[in-house]
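Chain by chain, the residues run as shown.
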Amino acid sequence: MPPVPTPKNANFATQCIHGGIGPDPLTGAVMTPIYQTSTYAQEAPGKNKGYAYARTANPTRTALQNNLAAIEGGAFGICFSSGLAAMDNVLRLLQPGDEVLASDDLYGGSYRLLTTVFAPFGIKSRFIDMRDPAKVEQAIGKDTKMLWIETPTNPMLNIVDIAALAALAKDHGLLSVVDNTFASPYLQQPLALGADISLHSATKYLGGHSDVVMGAVVLNDEAVAKKLYFLQNAAGAIPGPQDCFLVLRGIKTLHLRVQRSCENARHIVKVLQENELVANVYYPGLANHPRHDIAKKQMRDFGAMVSFDLKEDTLEAATQVMKNAHYFTLAESLGGVESLIGHPASMTHASVPRAQRLRVGLTDSLIRLSVGVEDGEDLVRDLTQALEI
Ligand SMILES: *Cc1c(COP(=O)(O)O)cnc(C)c1O
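Just so you know, these numbers come straight off a predicted model, no measurement behind them. The residue numbering used here restarts from 1 in each chain and proceeds along that chain's sequence as written. Reporting in this predicted model follows two pLDDT cut-offs: at least 70 for local features of residues, and 80 or more for side-chain atom pairs to be given and counted; totals over whole chains, interfaces and linings ignore these cut-offs and use all residues. The side-chain numbers reported here are obtained from all heavy atoms of the structure, hydrogens and water having been left aside.

**Some points on the overall build of the chain**
Part 1 of the argument: A helix here means a DSSP run of H or I that spans at least four residues, while a strand means a run of E at least two residues long, and both kinds are numbered starting from the N terminus. When helices and strands are counted, the chain shows 14 helices and twelve strands.
Part 2 of the argument: Computation of the radius of gyration draws on C-alpha atoms alone. For the globule rule, the value is 2.2 Å times the number of residues to the power 0.38. Rg of the C-alpha trace for the chain: 21 Å, near the compact-globule value of 21 Å for 389 residues, within the 12% margin.
Part 3 of the argument: Over its C-alpha atoms, taken along the principal directions, the chain stretches across nearly 75 × 50 × 35 Å.
Part 4 of the argument: A fraction of 72% describes how many contacts in the chain between residues 6 or more apart in sequence connect residues 24 or more apart.
Part 5 of the argument: Residue burial considers only the protein chains on display, and all accessible areas are found by Shrake-Rupley using a 1.4 Å probe. For the chain, the exposed area adds up to about 16800 Å²; of that, 54% sits on carbon and sulfur atoms. Working rule for contacts: check all heavy atoms of both residues, and any pair within 4.5 Å makes them a contact.

**Focus: unusual backbone geometry**
Part 1 of the argument: Here the amide bond leading from T151 into P152 is cis, since omega sits at -5°, within 30 degrees of zero.
Part 2 of the argument: For P152, the position within the fold is in the loop between β4 (144-150) and α6 (162-171).
Part 3 of the argument: Of note, S184 is a non-glycine position whose phi angle comes to about 75°, a positive value.
Part 4 of the argument: Summarising the element assignment, S184 is placed in helix α7 (residues 184-187).
Part 5 of the argument: In this structure, S210 is a non-glycine residue whose phi angle is positive, near 50°.
Part 6 of the argument: Its location among the elements puts S210 in the loop between β6 (197-201) and β7 (215-219).
Part 7 of the argument: Buried residues are those whose accessible area, probed at 1.4 Å on protein chains only, stays under 20% of the maximum for their type, while exposed residues exceed 50% and partly exposed ones sit between those limits. By relative accessible area, which is 46% here, S210 ends up partly exposed.

**Description of the site of the ligand**
Part 1 of the argument: Only heavy atoms are used to decide nearness, and a residue is near a molecule or strand if one of them lies within 4 Å of it. Around the ligand, 13 residues are found, and the nearest of them are G83, D179, S201, T203 and K204.
Part 2 of the argument: What qualifies as a polar contact is a pair of N or O atoms within 3.5 Å, subject to a donor-acceptor requirement within protein and to the restriction that residues adjacent in sequence count only when both atoms come from side chains. Between an oxygen atom of the ligand and a main-chain N or O atom of G83, the distance comes to 2.9 Å.
Part 3 of the argument: A distance of 2.8 Å separates an oxygen atom of the ligand from a polar side-chain atom of S201.
Part 4 of the argument: Compared with its free state, where it exposes 380 Å², the ligand has 91% of that area covered by protein.

**Details of the pairing of strand β1 (residues 76-80)**
Part 1 of the argument: Most of β1 is tucked away, with five of its five residues classed as buried.
Part 2 of the argument: Burial of the side chains of β1 extends over both faces: F76, I78 and F80 are buried on one face and G77 and C79 on the other.
Part 3 of the argument: Pairing between two strands requires that DSSP report at least two bridges joining them. By the bridge criterion, five bridges tie β1 to β7 in an arrangement that is antiparallel. Its bridge partner lying in β7, I78 is registered against V217.

**Some points on the packing of aromatic side chains**
Part 1 of the argument: To pair, rings of Phe, Tyr and Trp, with the six-membered ring standing in for Trp, must have centres within 6.5 Å; the planes then decide the type, stacked if under 30 degrees apart, edge-to-face if over 60, and tilted in the middle. Under the counting rule described, the total for this entry stands at four aromatic pairs.
Part 2 of the argument: For the pair Y111 and F127, a centre-to-centre distance of 4.8 Å together with 50° between the ring planes defines the contact as tilted. Note that Y111 is positioned in helix α4 (residues 108-118) and F127 in strand β3 (residues 124-128), a separation of 16 residues in sequence.
Part 3 of the argument: Residue classification places Y111 among the partly exposed residues on the basis of a relative accessible area of 42%.

**Quick notes on the side chain of H343**
Part 1 of the argument: With respect to the helices and strands, H343 occurs in the loop between β11 (340-342) and α13 (354-359).
Part 2 of the argument: Overall, H343 belongs to the buried group, its relative accessible area being 3%.
Part 3 of the argument: A distance of 2.7 Å separates polar atoms of two side chains, one belonging to H343 and the other to S346.
Part 4 of the argument: Every residue in contact with H343, bar those within four places of it in the chain, is listed here: L315, A318, M322, T348, D364, S365 and L366.

**Overview of the sheet that holds strand β9 (residues 305-310)**
Part 1 of the argument: What the five strands build is an open sheet, ordered β8-β9-β12-β11-β10; its pairing is mixed. Edge positions in the sheet fall to β8 (278-282) and β10 (329-330), since each has one partner strand and no second.
Part 2 of the argument: Pairing of β8 with β9 involves four bridges; the strand directions are antiparallel. Note that in β9 the partner of Y282 across the bridge is S307.

**Points about the packing of helix α2 (residues 59-72) against helix α9 (residues 241-251)**
When two helices pack together, you describe them by how their axes are tilted relative to each other and by the distance separating the axes.
Part 1 of the argument: All axes here are fitted lines through C-alpha atoms, helices being fitted over the stretch that makes contact, and every angle between N-to-C directions spans 0 to 180 degrees. Two numbers describe how α2 lies on α9: the axes approach to 8 Å, and their chain directions differ by 30°. One way to sum up the angle between α2 and α9 is to call them roughly parallel. Two packed elements cross with a definite hand, and for α2 against α9 that hand is left-handed. Here T60, R61, A63, L64, N67, L68 and I71 of α2 come into contact with α9, specifically with P241, C244, F245, V247, L248 and I251.
Part 2 of the argument: In terms of residue class, the contact of α2 with α9 is built from ten nonpolar, two polar and one charged. The scheme is simple: roughly parallel for angles under 35 degrees, roughly antiparallel for over 145, roughly perpendicular for 65 to 115, oblique for anything else. Helix crossings get a hand from a simple test, with the near helix turned counterclockwise from the far one by less than a right angle marking a left-handed crossing and a clockwise turn marking a right-handed one. Ten residue types, Ala, Val, Leu, Ile, Met, Phe, Trp, Tyr, Cys and Pro, are classed as nonpolar, four, Asp, Glu, Lys and Arg, as charged, and the remainder, Gly among them, as polar.

Worth remembering: the numbers are spatial, not functional.
In structure tokens, the structure reads:
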């Protein structure tokens with residue numbers, strides 16, 4: 001199936017629905033069919049219609065990859081079986097002895113992959129505060145080959161200046177990678193800001209319905225894209241056609257879901273700020289967020305992830321709030337239509353030593369919300385009653 005040209009000058013919502021995808025060339029099916037096949041009949045040995053074996057290529061996956069490229073404003077989209085599989089393949093672009101400079105406020109699984117899987121193969125990593133570009137420049141060493149940027153971060157919602165770091169990476173001949181999972185392509189477009197690779201856990205906003213695990217990267221450089229397509233086939237961490245269909249379907253409403261989630265998040269932030277039991281609210285949309293200006297510059301809206309802690313800073317108080325909530329389901333993950341509530345100190349960040357947690361503001365009572373697309377007033381009412389502890 002040849003790539004369908006991206007509609008020229010189309011805006012984001014149109015790209016979500018039409019970008020890189022067209023009706024099925026065989027039948028005219030408007031929705032991309034699920035090509036549930038592992039192999040394809042060949043006309044003669046080595047003569048086929050562009051598809052020989054489904055690890056190498058599958059039309060449902062091709063459609064999704066073209067759609068992802070279109071919505072992220074890149075030339076190439078490449079899907080993997082999870083967000084971490086996408087990261088794993090990006091890190092394989094490096095050689096033993098190379099170093100990754102990563103943000104010190106990184107998704108736990110990304111930290112684990114770097115320190116426990118890649119370190120024994122000689123890929124070094126260093127974790128630094130990336131909020132100050134001057135400090136990042138100072139940290140670049142002779143072996144540094146990649147900047148691994150995450151923004152907004154989890155769970156403290158710190159903001160890193162993508163354009164500044166991408167420019168630094170260019171000056172120093174480094175590959176810049178942005179984990180764009182928390183923002184989604186609707187809110188933030190790292191390639192347009194100068195980054196080399198935008199990476200997603202498609203499990204989150206792209207899929208959007210908490211029913212699939214997948215990863216993706218989008219980029220413009222053809223030589224790097226070729227290496228990643230090679231790795232996708234050679235290492236084989238591919239998503240299945242059914243999952244590709246689900247993410248294609250999810251992307252059709254990405255803009256609507258993220259818009260509504262952001263709107264709900266704004267209401268919730270306001271109510272949290274007014275609640276006398278709440279100590280701090282972390283949200284890049286707040287004027288007093290230390291990098292609000294950068295968030296405003298590089299994001300279309302401020303996202304639907306909100307963290308806050310309690311004046312009574314105990315695990316027990318936080319547990320009570322989480323128990324009281326009805327519409328916020330206690331669960332890991334984010335970016336689905338349903339609102340989730342979580343306690344980073346005992347869930348996602350349980351392996352981080354307490355002193356280190358406290359240094360970055362991750363207190364015992366810190367609660368993280370992934371705000372969904374339910375009715376905003378219902379969510380506000382639910383959270384308000386949950387805080388009556
Ligand atoms: C979930 C997540 C990942 C990992 O993605 P999986 O699909 O779970 O492998 C990476 N980065 C961020 C920011 C995430 O939230």
